[in-house]
Amino acid sequence: MLCVFPETGPATPPGTARPFGSGLAYFALRTGAPIVPLILGGTHELYLHRRFRLEVLEPVVWQDLAGVPRDA
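Okay, so let's go over this structure. (Residues numbered from 1 in each chain as written. Predicted model: local features only at pLDDT ≥ 70, side-chain atom pairs only at ≥ 80, totals over all residues. Heavy atoms only, no water.)

Comments concerning the overall build of the chain
A tally of helices and strands in the chain yields two helices and two strands. Scanning the chain from its N terminus toward the C terminus, one meets helices and strands in the order α-β-β-α. Counting only carbon and sulfur atoms, one obtains 61% of the accessible surface of the chain, whose full area is about 6,300 Å². (Helix = DSSP H or I, 4+ residues; strand = E, 2+ residues; numbered from the N terminus. Areas by Shrake-Rupley, 256 points an atom, 1.4 Å probe, with all protein chains shown as cover.)

Considerations on the side chain of Q63
In this structure, Q63 sits in helix α2 (residues 62–66). With residues near it in sequence (within four places) discarded, Q63 still touches V68, P69 and R70. (Contact = heavy atoms within 4.5 Å.)

Observations regarding a nonpolar patch on the surface
A contiguous nonpolar patch, built from V36, L38, L40, F52, L54 and V56 and spanning about 570 Å² of accessible area, is present on the exposed surface. Its place among the elements puts V36 in the loop between α1 (22–31) and β1 (38–41). (Patch = residues over 30% accessible without salt bridge, like charges linked within 9 Å, V, L, I, M, F, W, Y side chains within 5 Å. Salt bridge = Lys/Arg side-chain N within 4 Å of Asp/Glu carboxyl O.)

Observations concerning the pattern of salt bridges
By the definition in use, this model includes two salt bridges. Between R70 and D64 there is a salt bridge, and its shortest N-O distance comes to 2.6 Å. The exposed category is assigned to R70, whose relative accessible area is 52%. According to the relative accessible area criterion, D64 is partly exposed, its value standing at 43%. (Buried < 20%, exposed > 50% of the residue type's maximum accessible area, 1.4 Å probe, protein only.)

Concerning the environment of E58
Structurally, the position occupied by E58 is in the loop between β2 (53–56) and α2. With relative accessibility at 65%, the residue E58 sits in the exposed group. Sequence-wise, E58 and V36 are 22 residues apart; in three dimensions their C-alpha atoms are separated by 6.3 Å. Apart from the residues within four sequence positions on either side, E58 is in contact with I35 and P37.

Set out below in structure tokens:
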């Protein structure tokens, strides 16, 4: 499963994050698949020859995000 740009709401100033939409949690709960956070930087000024940064963070599971113990 791949979800791209699961945030909701209007654009925010550079350096701040938008809230996640509920779709991401739905997929994680239903499938048990880990969530791999991606950070895109520099997208507030995208045009020809501009650069942006993509950073891939460590995968997390919904239980860790929610603060509940994982099933053994």
